Amino acid sequence: MANFNLKINGKSHSVDVEDDTPLLWVLRDHLGLVGTKFSCGIAQCGACTVHINGNATFSCMTPVSSVGNSEVVTIEGLSERGDHPVQKAWEEVDVAQCGYCQSGQIMTAAALLKNNPNPSMEEIDNAMNRNICRCGTYHKIREAVALAAKTN
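All of these numbers come straight from a predicted model, not from anything done at the bench.

Draft legend 1. View of the environment of Arg 28. Along the chain, Arg 28 turns up in helix H1 (residues 23-30). Apart from residues lying up to four places away in sequence, Arg 28 is in contact with Leu 33, Val 34, Thr 36 and Lys 37.

Quick look at the structure:
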C-alpha cells in the first residue's frame, strides 16, 4: 500500500491504496464519489469518464499512481448546483433514458466544449464516439452538446 495525495473537485484527499488501483475505485470506494460509473472495466464504454487536467479520461484504466499532482474533476465537481451548460442542455433536450452512461457522456461533452467551444457536428460526433449509450439516445446526446455549445 502507498499513500497518495490527490486533488479532486478542488479538494485535497489522501488515500492509502495499491499503486495500481484504478482511479475509478479510489473515487467510488475510498472517497464515496459514486457519480462516476463502472461498466466495462476495459476503457471501451466511457461510463467512467472524469477530467484529468481538463481532459476526458477513462478512470477504470487510470492507475492512481499516474495521477500525481493533476487536478481530477468528477461529475460531482463539474458544477455545484448542476447548472453547467452541458447539464442544463441535457435536461432541456431530455437526453437520459436509463441514465447509467450520463455522467460519462456529460464529462466527455464538457471536456470537448472546454477545449473547443464551437464544435462542428462532426467534431461532436468524433468526441462523443468513445462513449456508449445502451439506450441509443445518440441523437439527443448530439443535440444537447450542440445546444450547450450555443448557450455556453
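Draft legend 2. View of the nonpolar core. If you look at the biggest cluster of nonpolar residues, it comprises 24 residues, and the most contacted ones within it are Val 86, Trp 90, Leu 113, Ile 141 and Val 145. Looking at this core, the elements that each hand over two or more residues are helix H2 (75-78), helix H3 (85-93), helix H4 (102-115), helix H5 (121-128) and helix H6 (138-151). When sequence neighbours within four positions are dropped, the list of residues in contact with Val 145 reads Trp 90, Ala 109, Leu 112, Leu 113, Ile 124 and Met 128. Ranked by size, the runner-up nonpolar core spans 14 residues in total, among them Val 17, Leu 23, Val 64 and Val 72.

Draft legend 3. Fine view of the side chain of Ser 59. Tracing the backbone shows Ser 59 in the loop between strand S4 (55-58) and strand S5 (71-73). Since its relative accessible area comes to 0%, Ser 59 is described here as buried. Ignoring anything within four residues of it in the chain, the contact list for Ser 59 reads Pro 22, Leu 23, Leu 24, Thr 36, Cys 48 and Val 50.

Draft legend 4. Fine view of the domain arrangement of the chain. Taken domain by domain, the chain holds domain 1 (2-77) and domain 2 (85-151). On a C-alpha basis, the centres of domain 1 and domain 2 stand 21 Å from each other. Opposite the 19 residues of domain 1 that make contact, domain 2 presents 15 residues. At the surface where domain 1 touches domain 2, the tally comes to zero salt bridges. Inspection of the region where domain 1 meets domain 2 yields six residue pairs in polar contact (both at pLDDT 80 or more). Within the residue set of the side of domain 1 that touches domain 2, elements represented by two or more residues are strand S3 (49-52) and S4. When its residues are assigned to classes, the side of domain 1 that touches domain 2 shows eight nonpolar, ten polar and one charged.

Analysis parameters
- Residues numbered from 1 in each chain as written.
- Predicted model: local features only at pLDDT ≥ 70, side-chain atom pairs only at ≥ 80, totals over all residues.
- Heavy atoms only, no water.
- Helix = DSSP H or I, 4+ residues; strand = E, 2+ residues; numbered from the N terminus.
- Contact = heavy atoms within 4.5 Å.
- Core = buried A, V, L, I, M, F, W, Y, C linked by side-chain atoms within 4.5 Å.
- Buried < 20%, exposed > 50% of the residue type's maximum accessible area, 1.4 Å probe, protein only.
- Domains from an automatic or database assignment.
- Salt bridge = Lys/Arg side-chain N within 4 Å of Asp/Glu carboxyl O.
- Polar contact = N/O pair within 3.5 Å; in protein donor to acceptor, adjacent residues only side chain to side chain.
- Nonpolar A, V, L, I, M, F, W, Y, C, P; charged D, E, K, R; others polar.

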